[in-house]
Every structure is written in structure tokens, then in C-alpha cells.
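# Descriptive structure summary
Listed below, chain by chain, are the residues.
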Amino acid sequence: MDDVQCTGDEDALINCTYNSEHNCVHAEDAGVQCLESECEEESIRLVGGSNETEGRVEVCLGGRWGTVCDDLWGVTDARVICRQLGYPFTGAVAYSFAYYGQGNGPIVLDNVQCTGNE
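Quick summary incoming for the structure in this document. (Residues numbered from 1 in each chain as written. Predicted model: local features only at pLDDT ≥ 70, side-chain atom pairs only at ≥ 80, totals over all residues. Heavy atoms only, no water.)

### Focus on unusual backbone geometry
Stated precisely, the cut-off is as follows: When accessible area is computed with a 1.4 Å probe and restricted to protein chains, residues below 20% of their type maximum are described as buried, those above 50% as exposed, and intermediate ones as partly exposed. Numbering goes from the N terminus for both helices and strands, where a helix is a DSSP run of H or I of at least four residues and a strand is a run of E of at least two.
The backbone phi angle of L72 is positive, close to 65°, even though this residue is not glycine. Given the relative accessible area of 53%, L72 is considered exposed. Of note in the backbone geometry, A98 takes a positive phi value of approximately 50° without being a glycine. Looking at the element boundaries, A98 is found in the loop between α1 (75–84) and β6 (107–109).

Take a look at the structure:
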């Protein structure tokens, strides 16, 4: 893609006008930093993993993303997280001791004890 021209209303970059030939090298690779939108209350996300199916568990409470303390954290809790995110939950693995790195927001949940029926 070369000479890409977006109006800002496109849903995807491919919907902008462009020429199919280009004159670029990888030294010109583009990047972006987006502002994080406010989180939706009680939503969860995984951060710091190598893909979207793994990472540190973060929960939105009070309009801020926070972390979950690993006290009492186990495989049943991991299964509930995977299910909530729409991933297969069989074979889920629970990690502790900041396996995916320490968060920097508040710790919003501790002593989580899911039953698996949530």
C-alpha cells in the first residue's frame, strides 16, 4: 500500500484509498499509539502475554483497570476467565507470582474463589 489516504471514518486501513505498488523499505515501517479508552465496568482483559489468550488478569472496576492478587488463585478461576473472554476453558492454566509481569494499577480483587459455575 502506498499513498494511503484516509478520511478518518474508515473502519479499517484497507478501506482507505491507496496505490497497490509502493516504494518503501522496512526502515519506514509505521507505528501508532492509541489513547486507552475508559474501561467497561467489570470487563476483564489479559495483558503482557505473547498473544491475546494469555497474560496478567486485569479487571475494570470504578472506571480503572486493576490487577487480581494471586492469593487462592487456581485453575478453576483460570477456567472462568477463559470462558468469560470467549476462549476454550478446558486446559486453562493458572499462573501466580506476577508470571506475566507486575501491573501498575490498583489491586482490585484478592482471594478469588470461583466455583466454576459463574
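After presenting the structure, the write-up continues.
### Quick look at a nonpolar patch on the surface
Note the cut-off: Here a patch means residues that are over 30% exposed by relative accessible area and free of salt bridges, tied together within 9 Å if like-charged and within 5 Å if nonpolar (Val, Leu, Ile, Met, Phe, Trp, Tyr). For accessible areas, the Shrake-Rupley method is used with a probe of radius 1.4 Å. Any residue's cover is judged against the shown protein chains and nothing else. By salt bridge we mean one thing: a side-chain nitrogen of Lys or Arg within 4 Å of a carboxyl oxygen of Asp or Glu.
Together, V4, L13, I14 and Y18 make up a nonpolar patch on the protein surface, roughly 360 Å² of accessible area in all. Assignment of secondary structure puts L13 in the loop between β1 (2–5) and β2 (17–19). A relative accessible area of 53% means that L13 is categorised as exposed.

### Regarding the sheet that holds strand β4 (residues 55–61)
Note the threshold: For two strands to be treated as a pair, DSSP must find at least two bridges joining them. Orientation is described by axes fitted as lines to C-alpha atoms, over the contacting stretch for helices, and by angles from 0 to 180 degrees between their N-to-C directions.
What the four strands build is an open sheet, ordered β3-β4-β5-β6; its pairing is mixed. Either end of the sheet is taken by a strand with one partner, and the two such strands are β3 (44–48) and β6. Neighbour to neighbour, the strand axes of the sheet diverge by 55° on average, direction disregarded. Bridge count for strand β5 (residues 64–68) against β6 is two bridges, and the pairing is parallel. When the sheet's bridge partners are listed, V68 is paired in β6 with L109.

### Observations concerning the pattern of salt bridges
Under the criterion given, the structure shown has two salt bridges. The partner of E58 in a salt bridge is R45, and the shortest N-O contact between them spans 2.7 Å. Residue E58 is located in strand β4, and its partner R45 is located in strand β3; the two are separated by 13 residues in the primary sequence. Residue R45 is classed as partly exposed on the basis of its relative accessible area, which comes to 24%. Overlapping salt bridges bring together R45, R56 and E58 as one network.

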